[in-house]
Amino acid sequence: MKYNPLDELKKRIIAAGGFCNTHAHFDRAGTITPEDLNETVNNHLFEKWTLVDQFKSSATQSDYYENFSYALTLQERAGVSSALSFVDIDPVCKYHALNASVNAKDLAKFLGIDLKIACQTLKGVIDSQPRQLLENRLDLIDVIGSLPKADRGKEEEHLDIVMTWAKETKKRLHVHVDQMNSAEEKETELLARKTIEHGLEGRVTAVHSISLAAHPKAYRDEVYKICKDADLSFITCPTAWIDHPRSEVLSVGHNAITPIEELVENDFLVALGTDNINDIYKPYCNGDMMTELRVMLESTHFYNMDELVKIATINGKKIIS
Ligand SMILES: [Zn+2]
């Protein structure tokens, strides 16, 4: 009998209670169309944040429920036992996605999945309209979600607002940071500094932190020290960013992925997510957590099985509620 590490890894994940998908957008799952595949999918990330308005403006609560139902069925097949999905709350879709997600929790339970909800802030939190919509429903969400770049140029102000919500509601905070794989971004550092300023140590999770890997080691080590003081945790969504387009900008040699091998070495909690499923962001993503784990371990040369099992299972459960 040959030894097959991948088989052992799968068995140990099942024994540990199944996968925890810590970052997803189930509200948009299954919205990709054949036409999108030829055109829309090639747009820049920032343009896609607006392009999803086409679906959002016409989608009813039942359309959103269908997306949840589709995603949850895929997740059950992928061996997921707990998950956190962001849901859009903004003037375009109002509470349709949120209301559907609340109903979808029963379906998730039936499928053996503990489903938690976070708010996505695609229209920012500084303008009063989206801010009001979000503030009026914080009681219905499990985790405060945030996208500082939605308030471009005012990222600090954005973080001050969502961190105030996190303090007032005593809920955890998950923030999309450093998504562009560029040494020009320093959002992980900003998030850590703001976490300390607001006294939210141990309550904040950085989602992605891809650009960290594009910086020189001296800067990364400096950021790890600040993140340590902030007791930040991290979520990696490997296939969501490994597709980052080739660029002529010279940078430190790295794969476009959260530098998880360094994070684990520095004793940070690292967890795993799929991000988008079958939508204009990630048309071919089917929510398979084993694919995410495999891409993560290969692209970072990280083979420590004990840690891989933790990243796929219990680490996530600690930060999604
Ligand atoms: Zn996301």
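Residues numbered from 1 in each chain as written. Predicted model: local features only at pLDDT ≥ 70, side-chain atom pairs only at ≥ 80, totals over all residues. Heavy atoms only, no water.

A. Looking closely at the sheet that holds strand β7 (residues 233-236). Taken in spatial order, the five strands line up as β4-β5-β6-β7-β8 in an open sheet, and their pairing is parallel. Both outer strands of the open sheet, β4 (144-146) and β8 (270-272), are each paired with one neighbouring strand and no more. Each neighbouring strand pair of the sheet contributes to a mean axis angle of 25°, computed without reference to strand direction. Relative to strand β6 (residues 204-208), strand β5 (residues 173-177) is paired through five bridges, and the arrangement is parallel. Bridge pairing in β6 places histidine 174 opposite threonine 205. (Pairing = 2+ DSSP bridges. Helix = DSSP H or I, 4+ residues; strand = E, 2+ residues; numbered from the N terminus. Axes fitted to C-alpha atoms, helices over the stretch in contact; angles between N-to-C directions.)

B. Local environment of the sheet that holds strand β3 (residues 114-120). Read across the open sheet, the three strands follow the order β1-β2-β3; overall the sheet is parallel. Taken across any chain shown, the strands that pair with only one partner, and hence form the sheet edges, are β1 (19-24) and β3. Neighbouring strand axes in the sheet, compared pairwise and without regard to direction, differ in orientation by 15° on average. Bridge count between β1 and strand β2 (residues 80-88): four bridges; the pairing is parallel. Paired with phenylalanine 19 across the two strands is valine 80, which belongs to β2. Packing against the sheet, helix α6 (residues 96-110) makes contact with β2 and β3, and its axis sits at approximately 170° to β3. (Contact = heavy atoms within 4.5 Å.)

C. Structural context of the nonpolar core. Among the nonpolar cores identified, the biggest contains 80 residues, and Leu9, Phe26, Ile89, Ile144, Leu191, Leu232 and Leu293 are the most heavily contacted of them. With residues up to four places along the chain from it excluded, the contact list for isoleucine 89 reads Lys94, Tyr95, Leu98, Cys119, Gln120, Leu133, Leu134 and Ile141. Membership of the second largest hydrophobic core comes to 23 residues, among which are Ile235, Ala271, Tyr281 and Ile320. (Core = buried A, V, L, I, M, F, W, Y, C linked by side-chain atoms within 4.5 Å. Buried < 20%, exposed > 50% of the residue type's maximum accessible area, 1.4 Å probe, protein only.)

D. Looking closely at the coordination of the zinc ion. For the zinc ion, the full set of protein donor atoms is His23 (NE2), His25 (NE2) and His176 (NE2), and the range of their distances to it is 2.1 to 2.2 Å. Residue classification places histidine 25 among the buried residues on the basis of a relative accessible area of 4%. (Donors = N, O, S within 2.8 Å, 3.2 Å for Na, K, Ca; no water.)

E. Region of the structure containing the pattern of salt bridges. Scanning all chains against the criterion turns up 22 salt bridges. With its nearest N and O atoms 3.8 Å apart, the salt bridge here joins aspartate 53 to lysine 56. Taken together, the residues aspartate 53 and lysine 56, both in helix α4 (residues 53-58) and three residues apart, mark about one turn of the helix. Taking relative accessible area as the criterion, aspartate 53 reaches 16% and is therefore assigned buried. Close ionic contact of glutamate 156 with lysine 194 constitutes a salt bridge, the shortest N to O distance being 3.6 Å. Pair noted here: glutamate 156 is in helix α8 (residues 155-169) and lysine 194 is in helix α9 (residues 187-197), with a separation of 38 residues, a long-range link. Looking at lysine 194, the relative accessible area reads 5%, which means it is buried. (Salt bridge = Lys/Arg side-chain N within 4 Å of Asp/Glu carboxyl O.)

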